[in-house]
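# A structural walkthrough
Chain by chain, the residues run as shown.
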Protein chains: 2
Amino acid sequence: MSELRQDAWSGEWISFSDLRQSRPVETGAAECPFCPGEPPSHEVQDADWDVMVFENRFPGLGGAVEWPKAYGGYAARAAAGHAEVVLYSPRHDAELCDLGPRRVRQVVDVWADRTTCLARDPEVQAILIFENRGRAVGATVEHPHGQIYAYPFVPSRTAQEMGTVEAFARSTGLCLGCEVIAREIRDGSRLLFADDHALAHVPFATRFPYEVHVLVRRHVRFLADLTPAERDGLARALCQVIARYDGLFGIKLPYVMVVHQPPVRGPLARVDAHLRVAFLPPHRSANRLKVIAGSELGAGAFLTDVLPEVATQRLRGAT
Amino acid sequence: MSELRQDAWSGEWISFSDLRQSRPVETGAAECPFCPGEPPSHEVQDADWDVMVFENRFPGLGGAVEWPKAYGGYAARAAAGHAEVVLYSPRHDAELCDLGPRRVRQVVDVWADRTTCLARDPEVQAILIFENRGRAVGATVEHPHGQIYAYPFVPSRTAQEMGTVEAFARSTGLCLGCEVIAREIRDGSRLLFADDHALAHVPFATRFPYEVHVLVRRHVRFLADLTPAERDGLARALCQVIARYDGLFGIKLPYVMVVHQPPVRGPLARVDAHLRVAFLPPHRSANRLKVIAGSELGAGAFLTDVLPEVATQRLRGAT
């Protein structure tokens, strides 16, 4: 069973899939489904590769069956789309940035290629590359990996951001991303890292205390538009952020990492949005997490208890 | 320090308050700040009351100081608004619905009164009544209580829902809430409870597997508009839901409960939205939680692994 249903109250599309109930929960390296080994309990047999992509066997998207259904008044549709897994290494205990700059650059190249390929499916409207690192953000397998979702709709938060970017361009004639880069370099109080190609900074308004955004300096919409030097610069900036996270509380800091690219199809695909990578770590301190509860779930209003400029100072001192 | 900052990318207002870092974390009934006792470690001295409301000493809203500041290009403002705590009983180990129908009705009356009072503040645009029950949704004190936030802006999710309600009315001439009630009664497969005044049902598209909505049958926007009989009916429906939750996995099920009323000020205060109470429990099973991660935080796209009709059957059998 796999289908999309529209929430009548918010207008958001929600994916329903009971396959996900049976996702493996890893109990040790020996049982890791992403370590090389024999099928069906392992996804890959050999270890002679650097970065590997395959379809998620427990997808939240795609795999539609039993369709159509009648739902008296409510909107539903087949769960088209794709869910992929990106393995960063055949080694279970590898850390992405310890694998060296060449490997991180390879991951960026794979993200760019997969975006381009998935965008060819006429059902796909938006593509989200992300990584849920650590159990605190729901990762069920520790083997270093990320995911890619290709949605057959434009998700609500993506649509909201495209609206903001378009409104800003209409009223100022400027790209919001280029303007944020200029402001952060001018101000400096939230800047973590900058070179000729990319920068990392704590945003002016954070949903999570140690949220960090990475932007490529040149105005580029998609990963595939990056030059080789920019891809290297982006890879360096990502590793700068992860190194600071791991130094912050002396733990391998859990985070959600998200690559924001504009929609690839539909009316919002026209928006000239600036490529951006966001890191959202749930930790407020070494042993306390930001919990998403009444105000966030009910109203969409976040509350944060560390000022972004204070978070920046702590992250700067964290390497 | 307490201020509101606008996220440049989403347009959302986020509240920053470092007071919240020092919120008490309860370690046992003897140290409960909501049990009657001596100030300053206790909020109330005597126990001769049924329901008690006071200002949150660790607010996420209100208590603005040190203002204004200049932030080169970004939007920020003083954190006006209010954050209140509603104690359901002086007894630490009380359960709201075990206190009897009269007490639950009193809580509904308090909610109605506080909405009316807080709406008089010309800075307030929207009011959210909610309860975070259990540590899984971040409750730091176990003593039965809810909260009320009065925001000096219309939160993003509230604005989104008002847009959906208005668009539905424009295209059909109907109230979305009245139509959802008609559909759920006609279909029946997601209905948990219904009497002459209120009903409880699993929505057609759930963000959380065991999400439940409670609606008052008559078209009413605010709690204060409810008749005495409707208030009793609403109280009964809330207790029906909580009883099923506590039977579902044999634990006192953590949940976020949210009362949706339309904005009280600003352009969206005109929207003729239908009063609704939503329960959002994070549990997927007795020992697994729905985690909000990449797709939800990055794109606003939720994935759910229990079909609403299946969740309804399980909840029906849970008393």
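Definitions and limits used
- Residues numbered from 1 in each chain as written.
- Chains lettered and ligands numbered in written order.
- Predicted model: local features only at pLDDT ≥ 70, side-chain atom pairs only at ≥ 80, totals over all residues.
- Helix = DSSP H or I, 4+ residues; strand = E, 2+ residues; numbered from the N terminus.
- Rg over C-alpha atoms; globule rule 2.2 N^0.38 Å.
- Contact = placed C-beta atoms within 7 Å.
- Pairing = 2+ DSSP bridges.
- Axes fitted to C-alpha atoms, helices over the stretch in contact; angles between N-to-C directions.
- Domains from an automatic or database assignment.
- Nonpolar A, V, L, I, M, F, W, Y, C, P; charged D, E, K, R; others polar.
- Least-squares fit on C-alpha atoms with pLDDT ≥ 70 in both.
- pLDDT = per-residue confidence, 0-100.
- Expected span 1.5 Å × (residues − 1).
- Buried ≥ 20, exposed ≤ 12 C-beta atoms within 10 Å, placed from the backbone.

### Here's the deal with the overall build of chain A
- Across its full length, chain A holds six helices and 15 strands.
- A compact globule built from 319 residues should have a C-alpha radius of gyration of about 20 Å, and chain A, at 20 Å, falls within 12% of that.
- By sequence separation, contacts in chain A at least 24 residues apart represent 69% of the contacts at least 6 residues apart.

### Some thoughts on the sheet that holds strand 6 (residues 126-133) of chain A
All names here are of chain A.
- Strand order in the open sheet formed by nine strands is 3-5-7-6-11-12-10-9-8, with antiparallel pairing between adjacent strands. Each end of this open sheet is capped by a strand with a single partner; those strands are strand 3 (52-55) and strand 8 (191-194). For this sheet the average axis-to-axis angle between neighbouring strands, irrespective of direction, equals 20°.
- By the bridge criterion, six bridges tie strand 5 (residues 82-87) to strand 7 (residues 145-151) in an arrangement that is antiparallel. Note that in strand 7 the partner of Val85 across the bridge is Gln147.

### Focus on the environment of B:Leu253
Residues and elements named next belong to chain B.
- Mapped onto the secondary structure, Leu253 falls in the loop between helix 4 (228-248) and strand 11 (255-260).
- With 52 residues separating them along the chain, Leu253 and His201 place their C-alpha atoms 17 Å apart.
- With residues near it in sequence (within four places) discarded, Leu253 still touches Tyr245, Asp246, Leu248, Pro281 and His283.

### Focus on the domain arrangement of chain A
Residue and element names in this part refer to chain A.
- Looking at chain A, the domain boundaries give domain 1 (1-22 + 58-78) and domain 2 (24-57 + 81-316).
- In this structure, domain 1 and domain 2 have C-alpha centres spaced 26 Å apart.
- With eight residues of domain 1 in contact, the opposing surface of domain 2 contributes nine residues.
- Looking at side-chain class alone, the side of domain 1 that touches domain 2 contains four nonpolar, three polar and one charged residues.

### Overview of the relation of the copies chain B and chain A
- In screw terms, the move from chain B to chain A is a rotation of 180° and a rise of 0.0 Å along the axis, fitting with an RMSD of 0.0 Å. Look at the turn and shift together and you get a two-fold axis relating the two. Every residue of chain B has its C-alpha some distance from the rotation axis, and the shortest such distance is that of B:Ile292, at 4.0 Å.
- Most of the interface of chain B is mirrored in chain A: 100% of its interface residues are interface residues there too.

### With respect to the confidence of the model for chain A
- Per-residue pLDDT for chain A has a mean of 92; in total, 93% of the residues score no lower than 70.
- Across the assembled chains, the prediction reports ipTM 0.95 with pTM 0.95.

### Re the interface of chain B and chain A
- Chain B puts 64 residues into the contact, and the matching count from chain A is 65 residues.
- It is helix 2 (residues 156-172) of chain B that provides the largest number of residues to the side of chain B that touches chain A, a total of six residues.
- Of the residues in the side of chain B that touches chain A, the class split is 31 nonpolar, 21 polar and 12 charged.
- Sheet analysis places strand 2 (residues 13-17) of chain A next to strand 15 (residues 303-304) of chain B, joined by two bridges and oriented parallel. Residue pairing across strands places A:Phe16 opposite B:Thr304, the latter belonging to strand 15 of chain B.

### Here's the deal with the sheet that holds strand 1 (residues 2-6) of chain B
- The sheet built from four strands is open, its strands ordered 15(A)-2(B)-1(B)-4(B) with mixed pairing. Bordering the open sheet on either side are strand 15 (303-304) of chain A together with strand 4 (76-78) of chain B, each of which pairs with just one other strand.
- When strand 1 of chain B meets strand 2 (residues 13-17) of chain B, the two strands line up antiparallel, connected through five bridges. Within strand 2 of chain B, the residue paired with B:Arg5 across the bridge is B:Ile14.

### Considerations on helix 2 of chain B
- Relative to the 24 Å expected for 17 residues at 1.5 Å per residue, helix 2 of chain B spans 24 Å between its end C-alpha atoms, a close match to the ideal helical length.
- Among the residues making up helix 2 of chain B, those that are buried are B:Ser156, B:Arg157, B:Thr158, B:Ala159, B:Gln160, B:Glu161, B:Met162 and B:Val165.
- Looking at the buried residues of helix 2 of chain B, the elements they touch are helix 5 (294-299) of chain A together with strand 6 (126-133) and helix 3 (176-187) of chain B.
- Once helix 2 of chain B finishes, B:Gly173 follows within two positions and takes phi at roughly 80°, a positive value.

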